[in-house]
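Working through the structure, step by step
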Amino acid sequence: MKNQISEILYKEAIRFLPGGVNSPVRAFGSVGRTPVFIEKAKGSKIYDADGNEYIDYVCSWGPAILGHAQEAVIAEVNKAVRDGLTFGAPTKKEVILAELISQIMPSMEMVRLVSSGTEAVMSAIRTARGFTKKDMIIKFRGCYHGHSDGLLVKAGSGALTQAVPDSAGVPKSYTENTLIAEYNDKSSVQQLFEEYKGKIAAVIVEPVAANMGVVLPEEDFLPFLRNITNENGSLLIFDEVITGFRLGIGGAQEYYKIKPDLTTLGKIVGGGMPIGAYGGRKDIMQMVSPLGPVYQAGTLSGNPVATAAGIKTLEILYENPGLYTEMQLKAIQLADAFAERSKDKKEPIQVNQIGSLICAFFTDYKVKDYNSAVTSDTVKYADYFGKMMDKGIYIAPSQFEAMFVSAAHTEEDIRRTCQVIKDI
Ligand SMILES: *Cc1c(COP(=O)(O)O)cnc(C)c1O
């Protein structure tokens, strides 16, 4: 596989961009390769600067659920562009998108549009704190909620210690209100509620964790979070930046029939353009400025081009519920291929799959939380990644990411991918 142009671009890139990239995982650091530079994408295929074609299972980390450059979405974007790129003033499209979100996720009675998932989450947390007049939040080890200071925490020294920042540049005082519990471990949550009684503003969770690979909630885990937050006057925040419009049109809250107080959205909601959104109970969202005292603003929030892409994407998903069944069936085929590989090669692989999200962990242990996820053999993953790329299949350059199936993946794509998974 040629990669001269990517190599040249990478050399140039590292002179001007830290690590040559604008988001760390793109640098291929954990798989020991130099990144490929992407030129274009269409449907299920992505093309690099050297002209190599790949079947894409990264899908821009989720947004490309309809496949890349979907005709109807592109048409709406083109139309919007001609009318102006940004006004910094209210538009009809913002109203349409907010109404559509609220209709699809009825728990989101009121919505605020922002420009990224990170922004959605940090604003939702500010709102939760403003509403409850409490400061502490509980997050789960291995759940990712964007890169805002207070959330850049995954590990303390054990479940009950206060969190230390994961990143340089985050003062300890910014994370001392962030408590860490273990995903799928009810007692770790219970203990925090007992120890910090009356102080916890919210529990934030990825209802299906999709940033430590894919980890499903055990049957009673989400209902437990709903109950314990209710009992303690704390809010439950579902970070549905990945699961929203992905597990089904109504996201994890519809799938698991749990009504969170606040929800955060990103990725799919912008149809490939930068949008995030947060919303929830009306009495809580009425805290947000200019109605209430929780300040939050954005020059490009509700951008007219981005809302055009988001509206069209959500409309297509809403009108074609069959797409979810199709995506799930394709994902199951891929999961089966990993299981066959595991059996044939006597290689320990655990496959977690739900809807169109899949992750194959190279480990003997059933993956149900962070500790089991990190038992994966990342050297084996790196080897598998390299072989997949060389066979024209583009997957995440890290063990701890999902494989995303889109509506554009064809039967032929899936058949070919399954063959490669088993052969390499
Ligand atoms: C991607 C992601 C975010 C952050 O969104 P950005 O748009 O990258 O800022 C937050 N939460 C979850 C669950 C995500 O997957």
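None of these values were measured; they are calculated from a predicted model.

**Description of the pairing of strand β3 (residues 53-56)**
For strand β2 (residues 45-48) and β3, the ladder comprises 3 bridges, and the chain directions are antiparallel. Looking across to β3, one finds that Tyr47 is bridged to Glu53. In this antiparallel pair of consecutive strands, β2 and β3, the connection spans 4 residues, and Gly51 shows a positive phi of 85°. Of the strand pairs in this sheet, β3 and strand β13 (residues 393-394) are connected by 2 bridges, and their pairing is parallel. Counted as the bridge partner of Asp56 is Tyr394 from β13.

**Some thoughts on the pattern of salt bridges**
Evaluation of the coordinates by the stated rule reveals 16 salt bridges. Residue Asp413 is joined to Lys45 by a salt bridge in which the shortest nitrogen-to-oxygen separation is 3.0 Å. Here the residue Asp413 occupies a position in helix α14 (residues 411-423), and Lys45 occupies one in strand β2, the gap between them amounting to 368 residues. Per residue, the accessibility class of Asp413 equals that of Lys45, and both read buried. In this structure, Asp383 engages Lys387 in a salt bridge whose closest nitrogen and oxygen atoms are separated by 3.1 Å. Of this pair, Asp383 and Lys387 both sit in helix α13 (residues 378-390), 4 residues apart, roughly one helical turn. With relative accessibility at 36%, the residue Lys387 sits in the partly exposed group. Through salt bridges that share partners, Arg226, Asp261, Arg281 and Asp283 make up one connected network.

Definitions and limits used
- Residues numbered from 1 in each chain as written.
- Predicted model: local features only at pLDDT ≥ 70, side-chain atom pairs only at ≥ 80, totals over all residues.
- Heavy atoms only, no water.
- Pairing = 2+ DSSP bridges.
- Helix = DSSP H or I, 4+ residues; strand = E, 2+ residues; numbered from the N terminus.
- Salt bridge = Lys/Arg side-chain N within 4 Å of Asp/Glu carboxyl O.
- Buried < 20%, exposed > 50% of the residue type's maximum accessible area, 1.4 Å probe, protein only.

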